[in-house]
Amino acid sequence: MNHQKDNIDHDRRAFFGVAAGVTAAVVAPGVILHSVSAAPRAEAVTDAVRWGLLIDTTKCADGCRACLDACDRENGLDLQVRPEGQSEAKWESQKAVWIRKVQLQDNQTGRVTNLPLMCQHCEHPPCVDVCPTGASFKRADGIVMVDRHTCIGCRYCMMACPYKARSFIHEVVHDQLTRVPRGKGCVESCNLCVSRRDNGAASTACADACEAEGHGAIVFGDLKDSESPISQALKSMPSRQIREDLALNTGVRYSGV
Amino acid sequence: MAKAVVRAGLVAVSLAWALGAQVVLAADLGSFVKEGSKAAGLSACVEPTDDMRRNHMEMIKHQRDATVHEGIRGTRHSLAGCIECHVSPGPDGQPVAANAPHQFCNACHSFAAVDVNCFGCHAAVPNGGPVSEAALAAHRAAGVAVTQAGMPAGTKAEGR
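Residues numbered from 1 in each chain as written. Chains lettered and ligands numbered in written order. Predicted model: local features only at pLDDT ≥ 70, side-chain atom pairs only at ≥ 80, totals over all residues.

**Student:** Quick question: what am I supposed to make of the overall build of chain B here?
**Tutor:** Helix and strand counts for chain B stand at 5 helices and 2 strands. Ordered by position from N to C terminus, the α and β elements of chain B give α-α-α-β-β-α-α. Put simply, of all contacts in chain B between residues at least 6 apart along the chain, 58% involve residues at least 24 apart. (Helix = DSSP H or I, 4+ residues; strand = E, 2+ residues; numbered from the N terminus. Contact = placed C-beta atoms within 7 Å.)

**Student:** How do you make sense of the overall build of chain A when you look at a structure like this?
**Tutor:** Along its length, chain A carries 9 helices and 9 strands. Each of the 257 residues in chain A was classed as buried or not, and the buried ones make up 34%. In chain A, the share of contacts with a sequence separation of at least 24, taken over all contacts with a separation of at least 6, comes to 63%. (Buried ≥ 20, exposed ≤ 12 C-beta atoms within 10 Å, placed from the backbone.)

**Student:** I'm lost on the interface of chain A and chain B in this one. Help?
**Tutor:** Reports often express the size of an interface as the amount of accessible area lost when the parts come together. Contact with chain A, which involves 25 residues of that partner, is made by 20 residues of chain B. Of the residues belonging to the side of chain A that touches chain B, the class tally is 8 nonpolar, 6 polar and 11 charged. (Nonpolar A, V, L, I, M, F, W, Y, C, P; charged D, E, K, R; others polar.)

**Student:** It is not clear to me how the sheet that holds strand E1 (residues 51–56) of chain A should be interpreted in this structure. Could you clarify?
**Tutor:** Sheets are built from strands paired through backbone hydrogen bonds, the pairs being either parallel or antiparallel. Residue and element names in this part refer to chain A. As summarised here, the arrangement of the 3 strands in space is E8-E1-E9, forming an open sheet in which the pairing is mixed. What marks the edges here is a single partner per strand, and that holds for strand E8 (218–222) and strand E9 (252–255). Each strand axis lies, on average, 20° off the axis of its neighbour in the sheet, ignoring direction. (Pairing = 2+ DSSP bridges. Axes fitted to C-alpha atoms, helices over the stretch in contact; angles between N-to-C directions.)

**Student:** Sorry if this is basic, but what is going on with unusual backbone geometry here?
**Tutor:** With the exception of glycine, the majority of residues adopt a negative phi angle, and the majority of peptide bonds are in the trans configuration. All names here are of chain B. For His 102, which is not glycine, the phi torsion reads 70° and is therefore positive. Among the secondary structure elements, His 102 is positioned in the loop between strand E2 (95–96) and helix H4 (104–112). Judged by local crowding, His 102 falls into the partly exposed class, with 13 C-beta atoms found within 10 Å. With a phi angle near 55°, Ala 113 is a residue other than glycine that sits in the positive phi range. With respect to the element layout, Ala 113 can be found in the loop between H4 and helix H5 (133–141). Given 6 C-beta atoms within a 10 Å radius, Ala 113 is considered exposed.

**Student:** Can you walk me through the pairing of strand E2 (residues 100–105) of chain A in this structure?
**Tutor:** It is a general feature of regular strands that their side chains alternate between the two faces of the sheet. All names here are of chain A. Burial analysis of E2 places just 0 of its 6 residues in the buried class, a small minority of the element. In this structure, E2 lies alongside strand E3 (residues 112–117), joined through 6 bridges in antiparallel fashion. Within the sheet, the bridge partner assigned to Gln 105 lies in E3 and is Val 112. In textbook terms, the turn of a hairpin is the stretch between consecutive antiparallel strands, and for E2 and E3 this stretch comprises 6 residues, one of which, Gly 110, has a positive phi near 80°.

**Student:** Hey, could you run me through the packing of helix H3 (residues 66–75) of chain A against helix H8 (residues 205–212) of chain A in this one?
**Tutor:** Packed helix pairs are specified by the crossing angle of their axes together with the interaxial distance, meaning the distance between the axes. Residue and element names in this part refer to chain A. Close contact between H3 and H8 brings their axes to 8 Å; oriented N to C, the two are set at 140°. Taken together, the axis directions place H3 and H8 in an arrangement best described as oblique. With respect to the hand of their crossing, H3 and H8 are arranged in right-handed fashion. From H3, Ala 66, Cys 67, Ala 70, Cys 71 and Glu 74 reach across to H8, where they touch Ala 205, Cys 206, Asp 208, Ala 209 and Cys 210. A per-class count over the contact of H3 with H8 returns 8 nonpolar, no polar and 2 charged. (Parallel < 35°, antiparallel > 145°, perpendicular 65-115°, else oblique. Left-handed = near helix turned anticlockwise from the far one by under 90°.)

**Student:** How should I be thinking about the nonpolar core in this particular structure?
**Tutor:** Soluble globular proteins tend to bury their nonpolar side chains together. Residues Ile 55, Cys 67, Cys 71, Ile 99, Cys 206, Cys 210 and Ile 218 of chain A are the most contacted members of the largest nonpolar core, which totals 49 residues. Contributing elements (two or more residues each) for this core: E1, H3, strand E5 (144–146), H8, E8 and E9 of chain A. At 5 residues, the largest contribution of residues to this core is made by H8 of chain A. With residues up to four places along the chain from it excluded, the contact list for Ile 55 of chain A reads Cys 60, Leu 115, Pro 116, Ala 217, Ile 218, Val 252 and Tyr 254 of chain A. Grouped together as the second largest cluster of nonpolar side chains are 17 residues, Ile 83, Val 96, Ala 123 and Ala 124 of chain B included. (Core = buried A, V, L, I, M, F, W, Y, C linked by C-beta atoms within 7 Å.)

**Student:** Sorry, what's going on with helix H3 (residues 79–86) of chain B here?
**Tutor:** The periodicity of an α-helix, 3.6 residues per turn, causes residues three or four places apart in sequence to face the same way. Of all 8 residues in H3 of chain B, 6 are buried; the element is thus mostly enclosed. When we look at burial in H3 of chain B, the residues that qualify are Leu 79, Ala 80, Cys 82, Ile 83, Glu 84 and Cys 85 of chain B.

**Student:** Teacher, can you tell me more about the environment of Ala 70 of chain A here?
**Tutor:** The topology assignment puts Ala 70 of chain A in helix H3. Separated by 139 residues in sequence, Ala 70 of chain A and Ala 209 of chain A place their C-alpha atoms 6.2 Å apart.

**Student:** Help me understand the environment of His 121 of chain A, please; the structure alone is not making it clear to me.
**Tutor:** Residues and elements named next belong to chain A. Position of His 121 among the secondary structure elements: in the loop between E3 and helix H5 (126–130). Among the residues examined, His 121 registers 28 C-beta atoms within 10 Å and is labelled buried. It is 9.9 Å that separates the C-alpha atoms of His 121 and Arg 139, two residues lying 18 residues apart in sequence. Setting aside anything within four residues of it in sequence, one finds His 121 in contact with Gly 52, Gly 142, Ile 143, Val 144, Leu 192, Thr 250, Gly 251 and Val 252.

**Student:** Is there a simple way to think about the confidence of the model for chain A in this case?
**Tutor:** Reading predicted coordinates in detail is not appropriate for stretches of low pLDDT. Looking at chain A as a whole, the pLDDT averages 90, with 87% of positions reaching at least 70. Within the model, the stretch residues 29–37 of chain A combines pLDDT values under 50 with 1 contact to residues more than four positions away or in other chains. (pLDDT = per-residue confidence, 0-100.)

**Student:** Please clarify how the pairing of E8 of chain A should be interpreted in this entry.
**Tutor:** All names here are of chain A. For E8, the tally of buried residues reaches 4 of 5 residues, placing the bulk of the element in the interior. Judged from the 5 bridges that link them, E1 and E8 form a sheet pairing that is antiparallel. In the sheet register, Gly 52 faces E8, and the bridge partner there is Gly 221.

**Student:** What should I look at first to understand the confidence of the model for chain B in this one?
**Tutor:** Residues and elements named next belong to chain B. Looking at chain B, pLDDT values average 74 and 66% of them are 70 or higher. Element-level mean pLDDT values for chain B span from 52 in H5 up to 92 in helix H2 (residues 49–70). Considering only residues more than four positions removed or in separate chains, one finds that residues 22–30, a stretch of pLDDT under 50, has 6 contacts. Within the model, the stretch residues 142–160 combines pLDDT values under 50 with 41 contacts to residues more than four positions away or in other chains. With pTM at 0.75, the complex prediction returns an ipTM value of 0.79.

Structural data, given as structure tokens:
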């Protein structure tokens, strides 16, 4: 018995050593990636991901404002106040709006489609092409946004955008959120909740709100990951880009239109 | 002789006046770090004090590009970090904007006549984002009411 104990099987030991090493090598990246994603980002974003949205217009309810309200709360847009002396009509046309609810009607059949329209996060964004200062830019992970430090407020990008996605801030802003700096003289638009992205949150405010409302019309995810829910959904159902004739390869896709 | 005494007297008076003026200027400047802020309880800023006084703008400027373009957050030179640490409670216990008169940013910047334009866009009080436990503890110790949502009570974006 003792003799057997002393007689160590070295091959067996080596096998276990290699097996443990291989297991660690396979599992560790997953564990490390997971823990990094929950903390504020410390490494520069890369083009290994491309963030996007898929909006199922058949699930988008008429009159529902859940995503718009959630966007306003997330980004401090609900803190905007009408400047004294400005008419209600002018304020409605000038205040910052990152998502617009659009209703389409087919005049021949009478079919009505509702959809939220925000920055489409194009692969080839016209707003970036026309920006004279480089303030309008596309981040490596596909988010199109404005660097307000270099924005001079010329509004060329607003002219160039086919989706009317951008807003200009006309008046001094007093109430900002720490996570969303915004101020007078700059252009702004949907940035796919960029502070959420950098802090490792799973989704956007609009997608979460739509889910909470029970519609589940908005799916957020990584377009480059073939296993992500958004890629799976894009694979299984027909979807379109709005103004796909412009060949901008938008990051926001719509189905049912 | 009398002339020499008068001259010496004048020199002494002007010296005293000049010194007095220095003291008054220093008093106008106020203390740099405000009482009740998290910073008041720490021995040093994220870099040595001399370095901070001279180069804080360069650090913030470098950081802003890394944050906006590369998405790097939560590093030691973030403006949100400056605000969180240096904002101090007012008489009503609410945090006072860091750029308000006699507050941390404004104390030096008004003396040096250098405009701070960070706060045209950035929040001057910790607001709407995750506030660290350390900051919350410092605020509580300083008597600042903190809501359950982790926000100083009474900020306009309360409960968010």
